[in-house]
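Below, each chain spelled out in residue letters.
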Amino acid sequence: MALAFSCTLSRAQDAPLPDHFEYTDEYLDTVKVSNIFKLNDYWMVGVEYGVSFVRQQFVPRFSQETMMVPGYKGVTLTKYSKMFGYMPYFGFQIGFYSGHEGYRFKPSKETGYTPNLEGAEQVVMQIYEVPFLTQVHYDTEYFKLIGMIGIYGAYRNTIERTGPSVAPEIANSYRDFDYRYDYGLQGGGGFGLVFSPFEFHVTAKVRYSWSSLFAPDYRQTLDYWYAYPFDVMVCGSLHFHLSKRNGRSRADLRREAKSIVYENKE
């Protein structure tokens, strides 16, 4: 009798499971799946602060020096995604910033004379800027490298002209021939430290304007004058993950666990 029972139990264990049988989620959660670093598609929101190094590309050329202006700040929304469904190195970022453009002329070493435009030896403009950048990034678990390039649009808000012979009516005002809207190219690179759900980035960006500060014929002479902003911004930023950065979701883990146990069953 005991022998018959033993044989019956053995045959029950070796028998294939019915086609409709499914393992429970609770059981699948206990199956060990290898834990590897896997980068997901994910969203981030961030805040950024830094300094701007501003100057102009003048035609005709003027002797000038790069001016450092603090207070480059903004908020960003970043989306990382996979190209062709499996290359997790790409993304895009849109932001809203308050920054600066401007110039400062340099005195001549020979004569000591400082050039000026309408009496202004230094001009600082506060601008509102909206960049749209594509990104390439390489990630490890706690570190990442970042490259970015794209376009931007901006509005020149306030202006401050300083110099010994600036007319009071234009010291803080734009003239009819000054261009208020700005646009152009922007790009840069940097690195990030990642401690999910936060990331801290250090980046350097270059902003090259396609919009001169003033109409080229405003002097009403035969020669045209241009002034295109060319600025560098060095920034630190803190980002918060809005979705899971790396690893697999519980559904992914259960799917892999189901594959493991069904393969073993067969």
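What this report covers is the structure whose coordinates are included nearby. None of the values given here were measured: they were computed from a predicted structure.

## Describing unusual backbone geometry
For the bond from Val-59 to Pro-60, the omega torsion is 0°, close enough to zero to count as cis. The omega angle of the peptide bond from Ser-196 to Pro-197 is 10°, so this bond is cis rather than trans. With a phi angle near 50°, Glu-118 is a residue other than glycine that sits in the positive phi range. When you line up the elements, Glu-118 lands in the loop between β4 (87-104) and β5 (122-139).

## Looking at empty space enclosed by the protein
One pass over the structure, following the stated rule, counts 2 cavities of 30 Å³ or more. In this structure, the largest cavity encloses a volume near 110 Å³. Lining the largest cavity are 15 residues, with Arg-161, Arg-175, Asp-178, Leu-213 and Phe-214 positioned closest to its centre. Looking at the lining of the largest cavity, the elements with two or more residues in it are β5 and β6 (143-162). It is β6 that contributes the most residues to the lining of the largest cavity, 3 residues altogether.

## Observations regarding the nonpolar core
Among the nonpolar cores identified, the biggest contains 17 residues, and Phe-58, Tyr-103, Leu-117, Val-123, Met-125, Leu-213 and Phe-214 are the most heavily contacted of them. If we skip the residues at most four places from it in the chain, Leu-213 touches Gln-56, Glu-101, Tyr-103, Met-125, Arg-156, Asp-178, Tyr-179, Ala-227 and Pro-229.

## A short note on the packing of aromatic side chains
Tallied over the full model, the rule gives 19 aromatic pairs. Aromatic side chains Phe-177 and Tyr-218 sit 4.5 Å apart centroid to centroid with 15° between the ring planes, which places their arrangement in the stacked category. Pair noted here: Phe-177 is in the loop between β6 and β7 (181-195) and Tyr-218 is in the loop between β8 (198-209) and β9 (226-241), with a separation of 41 residues, a long-range link. The structure contains a cluster of three or more aromatic residues connected by ring pairs, namely Phe-58, Phe-62, Tyr-103, Phe-105 and Trp-225. The cationic tip of Arg-219 hangs over the ring face of Trp-225; the distance from NZ or CZ to the ring centre is 3.8 Å.

## Some thoughts on the environment of Ile-146
Relative to the elements of secondary structure, Ile-146 occurs in strand β6. Along the backbone, Ile-146 and Gly-192 are 46 residues apart, and their C-alpha atoms lie at a distance of 7.5 Å. Ignoring any residue separated from it by four or fewer positions in sequence, one finds Ile-146 in contact with Gln-135, Val-136, Gly-188, Gly-189, Gly-190, Phe-191, Gly-192 and His-201.

## Looking at the environment of Gln-186
Along the chain, Gln-186 falls in strand β7. Look at Gln-186 and you get buried, because its relative accessible area is 2%. Residues Gln-186 and Val-232 lie 46 residues apart in sequence; the distance between their C-alpha atoms is 9.6 Å. In contact with Gln-186, other than residues within four places in its own chain, are Tyr-72, Glu-129, Pro-131, Leu-133, Ile-149, Gly-150, Tyr-152, Lys-205, Val-206, Arg-207 and Met-233.

Calculation criteria
- Residues numbered from 1 in each chain as written.
- Predicted model: local features only at pLDDT ≥ 70, side-chain atom pairs only at ≥ 80, totals over all residues.
- Heavy atoms only, no water.
- Helix = DSSP H or I, 4+ residues; strand = E, 2+ residues; numbered from the N terminus.
- 1 Å grid on protein atoms, 1.4 Å probe; cavity = no way out; pocket = protein on both sides within 12 Å on 5 of 7 lines; lining within 4 Å.
- Points joined across faces, edges and corners; volume = space filled by probe spheres on them.
- Core = buried A, V, L, I, M, F, W, Y, C linked by side-chain atoms within 4.5 Å.
- Buried < 20%, exposed > 50% of the residue type's maximum accessible area, 1.4 Å probe, protein only.
- Contact = heavy atoms within 4.5 Å.
- Phe/Tyr/Trp six-rings, centres within 6.5 Å; stacked < 30°, edge-to-face > 60°.
- Lys NZ or Arg CZ within 6 Å of the ring centre and 35° of its normal.

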